[in-house]
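# Geometric and topological summary
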Amino acid sequence: MLIARSRMRDSQGINIRANRSILSRMDDLSWRTLGRDYLYRNPWCAFRVDEVEVPGGAQIEYGVLESGGFAAVVPVTGAGDVVLVRQWRQPLGSFTLELPSGGVDAGEKPERAARRELFEETGYRAEGLEHLVSVHTSTGRSTEVCHLFKCAAVRDERGPRPEPTEFIRVVELPLGKAFQMVSEGGITDAATVLGLLWGTVGGARGVGYTRGTSKTGEP
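Keep in mind it's a predicted model, so treat the numbers as computed, not measured.

### Some words on the overall build of the protein
Helix and strand content of the protein: four helices and ten strands. Each helix and strand of the protein, ordered N terminal to C terminal, gives the series α-β-β-β-β-β-β-β-α-β-β-β-α-α. A buried classification covers 36% of the 219 residues belonging to the protein. Within the protein, contacts between residues separated by at least 24 positions form 58% of all contacts whose residues are at least 6 apart in sequence. By element, 54% of the accessible surface of the protein is carried by carbon and sulfur atoms, the whole surface being about 13600 Å².

### Things to note about the pairing of strand 5 (residues 81-89)
The side chains of a regular strand alternate, first on one face of the sheet and then on the other. Here strand 5 pairs with strand 10 (residues 169-174) via six bridges, running antiparallel. Bridge pairing in strand 10 links V83 to E172.

### Thoughts on a nonpolar patch on the surface
Where nonpolar side chains cluster on the molecular surface, the patch consists of L39, Y40, F47 and L65 and spans about 380 Å² of accessible area. Relative to the elements of secondary structure, L65 occurs in strand 3 (residues 59-67).

### Digging into the pattern of salt bridges
Counting across every chain of the model gives ten salt bridges. Note that R116 is salt-bridged to E117, the shortest N-O span being 3.3 Å. By relative accessible area, which is 4% here, E117 ends up buried. Overlapping salt bridges bring together R36, R48, D50 and E66 as one network.

### Details of the environment of Q59
Tracing the chain through its elements places Q59 in strand 3. When sequence neighbours within four positions are dropped, the list of residues in contact with Q59 reads L34, E51, V52 and E53.

### Digging into the pairing of strand 1 (residues 32-41)
Inspection of the sheet shows strand 1 paired to strand 2 (residues 45-53) by eight bridges, in the antiparallel sense. Looking at strand 2, one finds that T33 is bridged to V52. Following strand 1, the chain reverses through three residues before pairing antiparallel with strand 2.

### Observations concerning unusual backbone geometry
A positive phi angle, close to 60°, is found at L29, a residue other than glycine. Counting through the fold element by element, L29 comes out in the loop between helix 1 (2-28) and strand 1.

Scoring rules and cut-offs
- Residues numbered from 1 in each chain as written.
- Predicted model: local features only at pLDDT ≥ 70, side-chain atom pairs only at ≥ 80, totals over all residues.
- Heavy atoms only, no water.
- Helix = DSSP H or I, 4+ residues; strand = E, 2+ residues; numbered from the N terminus.
- Buried < 20%, exposed > 50% of the residue type's maximum accessible area, 1.4 Å probe, protein only.
- Contact = heavy atoms within 4.5 Å.
- Areas by Shrake-Rupley, 256 points an atom, 1.4 Å probe, with all protein chains shown as cover.
- Pairing = 2+ DSSP bridges.
- Patch = residues over 30% accessible without salt bridge, like charges linked within 9 Å, V, L, I, M, F, W, Y side chains within 5 Å.
- Salt bridge = Lys/Arg side-chain N within 4 Å of Asp/Glu carboxyl O.

Taken by themselves, the reported measurements are silent on function.
Set out below in structure tokens:
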């Protein structure tokens, strides 16, 4: 009788542990990567196909665009205009109005990239550069992260200095006009829309377009 009860307790313990293990896997719902194949690479991005096992046990292929991320900056002039750039975007087959932005090089701080891209694309220098937020741009397709900044834009006569493949026209708009274009669908770039709204209404911190001490430790 004692042996039977002992066996019953052991059996129940095993069942409890097994159930907990199953529940843990069910609650986690993470995918398991079985293999990875890179189909394309360049200095800015790479495209890979992952072989993964989903929680239900099925195995599928999943395409992922890898990127080192980019920095974008909301530059506002002393007159209260936001400085944007008009450029051709091949995936859309059309021109867009966007914040000055560019890739963050390996080992580079995003704020340095923001300063560089603002100068190269527009000929403005950043004063009071402040980090707003960093966001994933497309969690279902890419590893890309956008680092958003705001600053006061000061004209630098040494610029602009666009790269050979960049054909950019600088467009300065009153903030009210920029917001109107967002609401009417004239500005659709996600980073630009987020930067304009976050920088103006202040996101979660209530910061607006005021000049002050740099949050990056630089003038």
